[in-house]
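# Per-entry structural report
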Amino acid sequence: MSRLVRGFGSITLLLLAFGARAESVANWADTTTEIATDGPNTIRTMALAQNAVYEAVNAITARYPRDRVDLGPTQGASIDAAIAAASRTVLLHEASTLKERTETAYARALATIAAGDARTRGISIGERAAADALAKHSDDIGNTEPYRPLTSPGVYVPTTFPLGYAFAQHRPWFMKSAAQFRPGPPPALTSALWARDYNEIKVVGSATSKALTPEQTAIARFWATALPDVHMGIVHSVAIAPGREVTRNARLYAAVTAAMNDAEIAVLEAKYHYNFWRPITAIRNGDRDGNPATERDPDWTPLIATPLHPEYPCAHCVIASTIATVIRAEVGRGPSPTLMSTSNTAPGVTRQWTRTEDVVKEVSEARILDGVHYRNSTEVGNRMGAQVGALVAAAYGLL
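Rules used in this analysis
Residues numbered from 1 in each chain as written. Predicted model: local features only at pLDDT ≥ 70, side-chain atom pairs only at ≥ 80, totals over all residues. Heavy atoms only, no water. Helix = DSSP H or I, 4+ residues; strand = E, 2+ residues; numbered from the N terminus. Rg over C-alpha atoms; globule rule 2.2 N^0.38 Å. Buried < 20%, exposed > 50% of the residue type's maximum accessible area, 1.4 Å probe, protein only. Contact = heavy atoms within 4.5 Å. Areas by Shrake-Rupley, 256 points an atom, 1.4 Å probe, with all protein chains shown as cover. Lys, Arg positive; Asp, Glu negative; His and termini not counted. Charge placed at Lys NZ, Arg CZ, Asp CG, Glu CD. Axes fitted to C-alpha atoms, helices over the stretch in contact; angles between N-to-C directions. Parallel < 35°, antiparallel > 145°, perpendicular 65-115°, else oblique. Nonpolar A, V, L, I, M, F, W, Y, C, P; charged D, E, K, R; others polar. Phe/Tyr/Trp six-rings, centres within 6.5 Å; stacked < 30°, edge-to-face > 60°. Lys NZ or Arg CZ within 6 Å of the ring centre and 35° of its normal. pLDDT = per-residue confidence, 0-100. Disulfide = S-S within 2.5 Å. Pairing = 2+ DSSP bridges. Expected span 1.5 Å × (residues − 1). Left-handed = near helix turned anticlockwise from the far one by under 90°. Salt bridge = Lys/Arg side-chain N within 4 Å of Asp/Glu carboxyl O.

### Description of the overall build of the protein
Counting its regular elements, the protein contains 15 helices and 2 strands. The C-alpha radius of gyration of the protein comes to 23 Å, within 12% of the 21 Å expected for a compact globule of 399 residues. Along the three orthogonal principal directions, the C-alpha set of the protein runs to about 75 × 50 × 35 Å. Relative to its 399 residues, the protein shows a buried fraction of 54%. Counted over contacts in the protein with a minimum sequence separation of 6, partners at least 24 positions apart contribute 79%. Of the roughly 17,800 Å² of accessible surface on the protein, a fraction of 54% belongs to carbon and sulfur atoms. One way to put it: in the protein the 39 positive side-chain charges average out to a point 4 Å from where the 38 negative ones average out.

Right, dumping it as structure tokens:
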């Protein structure tokens, strides 16, 4: 403990005085992710909550510049109470149908904080931070889904709408526009690159593929999830490492979730801009792409259900690369903790990695093995995610 006090000086003494632990941010981030996952606009809700938490904590500790928002006097406020109140306020606003779960978590958190002026002040600061975050992003979401199915009057088309079309219209946290990092187009269907990707995924991504090892199948199943908690488990690994400080953790989660939200906006904008076909569509129409090297398979199906949005670029890859870039900026040249996470599509399995680069590579391979993304799309997604991550990391002073 004495080494921590010498390392952080008055900031650590302040944190000790009000009982704040670095794990408080991680624990509430886990709770927020769990609740937000069952509500609408999951990643946006997480970003709003974690940015409110960061502003509240930093207002109290003054560890980093406080030029984003003025929350008024903060002396003597409980950091733990501020974290809980900021998280609760955002969750009640963004996931109102899950109010009971939010209030239960909040009551449990407050029960561990001594009643008194410090707790009251902390609650007030957390609520003000949340109100500020919500106000700044109040125009993000419209009341209608603007996607318009293409058809001729009277002609049937599939009636399940694709997902995420409206997300590209949300206001980014730090990007100048949703199209700021839009990549170039997917490969021409007559190109050798297209034939390479087509024939690779046709073999390895099929539901009946004999080419996969047990480990490859396990990786494919693990990353079949579409929920963000699989990524947040990796962030949690960093946040609970020895020697972490509460404001630093708050900044980490704020940066990661804002970056994820911008990455989500950017990749969905690109997807609907190019509207590129998925493998299940392409391989069943391989005789119509003008490429003699792509033989049609009329019965082909992927290992997992194909997501309901266009293929290019790979969203899983963009998100993974974005998070990896932020974490590398956060850790710097210091030793990286062992990264680990779980997945709802691989119950009981915990995967571990020693480097963020290993995570990015595994995600890319998994989406090919799943039969839903071409290799070029994963490579483009990785580069795109690195751009988004670097932008947001710089905005939070991590670079």
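### Concerning the packing of helix α5 (residues 79-94) against helix α6 (residues 99-110)
Axis separation between α5 and α6 bottoms out at 10 Å; the angle between their running directions is 175°. Considering the angle they form, α5 stands roughly antiparallel to α6. Here Ala84, Ala85, Arg88, Leu91 and Leu92 of α5 come into contact with α6, specifically with Lys99, Thr102, Glu103, Tyr106 and Ala109. Here the contact of α5 with α6 is built from residues that sort into 6 nonpolar, 1 polar and 3 charged.

### Examining the packing of aromatic side chains
Enumeration according to the criterion identifies 15 aromatic pairs in this entry. With a centroid separation of 5.0 Å and an interplanar angle of 85°, the aromatic rings of Tyr165 and Tyr272 are classed as edge-to-face. Of this pair, Tyr165 sits in the loop between α7 (117-136) and α8 (192-204) while Tyr272 is found in helix α11 (residues 246-274), placing the two residues 107 residues apart along the sequence. Owing to a relative accessible area of 15%, Tyr272 belongs among the buried residues under this scheme. Ring geometry for Trp194 against Tyr374: centres 5.0 Å apart, planes inclined by 70°, an arrangement best described as edge-to-face. Of the two residues, Trp194 is situated in helix α8 and Tyr374 in the loop between α14 (356-369) and α15 (375-395); the sequence distance between them amounts to 180 residues. In this arrangement the basic side chain of Arg88 is found over the ring face of Tyr106, its NZ or CZ atom lying 4.7 Å from the centre.

### Observations regarding the confidence of the model for the protein
This prediction gives the protein a mean pLDDT of 91; 93% of its residues lie at or above 70. Within the model, the stretch residues 1-19 combines pLDDT values under 50 with 25 contacts to residues more than four positions away or in other chains.

### A closer look at unusual backbone geometry
Note that the residue after Tyr312, namely Pro313, is joined by a cis bond; omega there is -5°. Of note, Pro313 is situated in the loop between α12 (279-283) and α13 (315-331). The phi dihedral of Ala62 is positive, around 55°, even though this residue is not glycine. For Ala62, the position within the fold is in the loop between α4 (42-61) and α5. Taking the relative accessible area as the measure of exposure, Ala62 reaches 41% and is therefore partly exposed. For Asn275, which is not a glycine, the phi torsion comes out positive at approximately 55°.

### Comments concerning the state of the cysteines
The final tally for this structure, using the stated rule, is 1 disulfide. In this model, Cys314 is linked to Cys317 through a disulfide, with the two sulfur atoms separated by 2.3 Å. With the S-S bond torsion at 75°, the cross-link from Cys314 to Cys317 turns out right-handed. Grouping residues by exposure puts Cys314 and Cys317 together as buried.

### Comments concerning the pairing of strand β1 (residues 339-342)
Burial along β1 is one-sided: the residues Leu339 and Ser341 are buried and none of Met340 and Thr342 is. Relative to strand β2 (residues 350-353), β1 runs antiparallel, the two sharing 4 bridges. Paired with Met340 across the two strands is Gln352, which belongs to β2.

### Things to note about the side chain of Ser377
Summarising the element assignment, Ser377 is placed in helix α15. Once residues within four sequence positions are removed from consideration, Ser377 is found in contact with Glu311, Tyr312, Pro313 and Cys314.

### Focus on helix α3 (residues 22-37)
For α3, built from 16 residues, the straight-helix expectation of 22 Å at 1.5 Å per residue is met to within 8% by its first-to-last C-alpha distance of 23 Å. Along α3, the positions that sit buried rather than exposed are Ala22, Ser24, Val25, Ala26, Trp28, Ala29, Thr32, Thr33, Ile35, Ala36 and Thr37.

### Considering the packing of α14 against α15
Interaxial distance between α14 and α15 falls to 9 Å at its minimum, and their mutual angle equals 150°. Judged on the interaxial angle alone, α15 and α14 are roughly antiparallel. Both α14 and α15 take part in a crossing whose hand is right-handed. Touching Val360, Ser364, Glu365 and Ile368 of α14 are Arg375, Thr378 and Asn382, all from α15. Considered class by class, the residues forming the contact of α14 with α15 number 2 nonpolar, 3 polar and 2 charged.

### Quick notes on the pattern of salt bridges
Applying the stated rule across the entire model yields 18 salt bridges. For Glu245, the salt bridge is made with Arg63, and the minimal N-O distance between the two is 3.2 Å. Of this pair, Glu245 sits in the loop between α10 (229-239) and α11 while Arg63 sits in the loop between α4 and α5, and the two are 182 residues apart along the sequence. Residue classification places Arg63 among the partly exposed residues on the basis of a relative accessible area of 25%. We note a salt bridge from Arg375 to Glu200, for which the minimum N-O separation is 2.7 Å. Linking Arg375 in helix α15 with Glu200 in helix α8, this pair joins segments that are 175 residues apart in sequence. Of the residues examined, Glu200 reaches a relative accessible area of 23% and is grouped as partly exposed.

### Topic: the side chain of Gln50
Positionally, Gln50 belongs in helix α4. Accessibility expressed as a relative area gives 2% for Gln50, which makes it buried. Those residues in contact with Gln50 that sit more than four places away from it in its chain are Val25, Ala29, Thr32, Ala250, Tyr253, Ala254 and Thr257.

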